[in-house]
Amino acid sequence: MKKFVILLLVIGVLSLTGCGMLQKIGIGAPDDAEVICDIVNGSKPTKITTDVSYVTNKGDTLQGHYVTTTDGTDTIFEYYYEKLATPAESLASGSNERIIVSEGTIYYKDGAYYYGDEESWKPGTGTAFELKLKVDPELIKDAVINEDVSTLEGKVSAEDLESFIGTDLGAVGDATVVLETNKVNLTMITVTCETANGTITVRTSYTYNPQDLFPEDDSAEDAAAE
């Protein structure tokens, strides 16, 4: 479970549509798969919203919600996730809750970051989020593509899934992957797979509107320039 919690903190990097009739890949269709994969790999979103649903083998449902927003080299990462409480955590809370929640926001700006209740920025390394998907059409099995060549659904083996989506979900057996685009940019990825401890579904949407993460700083700079 600890590995799963760590996964939830970094999973911000990740539905079937009713648009058009799905066709099995046939003659010439691999080119269509490559078109969709090229769109995915070339997309540069400014806001990424990920919802995770994890149903354990014992029937518990754990949810996660993550929003990564970028503006140039600046980033704000908001997270919420549920996990099964350890006996020590249940005792410490005094509530005996089986499921507990962790949530917070991490800010990264001009090479520094702050988190939680901290009031001062600390030096940090890294840059704004970069899409780390490297989808390869050759790794997709039993692929289907809709009529207007905007959506692709297929299977990806557990061995190939991490390199395909850039995140290790601990899959057991093939994962189902759905890639949705507007024929210009990636709009949605849905991944569903079995793990040793349950079933996980990760649904991530991508938008491209310009973001202004720290408008109060812009106002201060404008006032100082006057």
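It should be noted that the structure appears before, not after, this text.
Quick caveat, the model's predicted, so the values are computed rather than measured. (Residues numbered from 1 in each chain as written. Predicted model: local features only at pLDDT ≥ 70, side-chain atom pairs only at ≥ 80, totals over all residues. Heavy atoms only, no water.)

(A) Structural view of the nonpolar core. One finds L161, F164, L169, L179 and V191 to be the most contacted residues of the largest nonpolar core, which totals 34 residues. Discounting residues that sit within four places of it in the chain, L179 has contacts with I36, C37, V40, S150, T151, L152, F164, M188 and I189. (Core = buried A, V, L, I, M, F, W, Y, C linked by side-chain atoms within 4.5 Å. Buried < 20%, exposed > 50% of the residue type's maximum accessible area, 1.4 Å probe, protein only. Contact = heavy atoms within 4.5 Å.)

(B) Highlighting the packing of aromatic side chains. Counted according to the given criterion, the structure contains four aromatic pairs. A centroid spacing of 6.3 Å and a plane angle of 10 degrees characterise the contact between Y66 and F77, whose relative ring orientation is stacked. Taken together, the residues Y66 in strand β3 (residues 61-71) and F77 in strand β4 (residues 74-84) connect sequence positions 11 residues apart. Note on accessibility: Y66 and F77 belong to one class, buried. One aromatic cluster is present, formed by Y66, F77, Y79 and Y81 through successive ring pairs. Its guanidinium or amino end placed over the ring of F214, K109 lies 5.8 Å from that ring's centre, counting from NZ or CZ. (Phe/Tyr/Trp six-rings, centres within 6.5 Å; stacked < 30°, edge-to-face > 60°. Helix = DSSP H or I, 4+ residues; strand = E, 2+ residues; numbered from the N terminus. Lys NZ or Arg CZ within 6 Å of the ring centre and 35° of its normal.)

(C) Broad picture of helix α4 (residues 158-165). Along α4, the residues that are buried comprise L161, F164 and I165. All buried residues of α4 fall inside an arc of 75 degrees around its axis, so they share one side. Looking at the buried residues of α4, the elements they touch are β9 (151-156), β10 (175-181) and β11 (186-194). Following α4 by one or two positions, G166 has its phi on the positive side, about 80 degrees. (Arc of directions from axis to C-beta.)

(D) Spatial organisation of unusual backbone geometry. We note that D142 has phi near 50 degrees; this positive angle belongs to a residue other than glycine. Note on placement: D142 falls in strand β8 (residues 141-145). Judged by relative accessible area, which is 57%, D142 ranks as exposed. For V149, which is not a glycine, the phi torsion comes out positive at approximately 55 degrees. With respect to the helices and strands, V149 occurs in the loop between β8 and β9.

The values reported here are purely geometric and, on their own, carry no functional implication.
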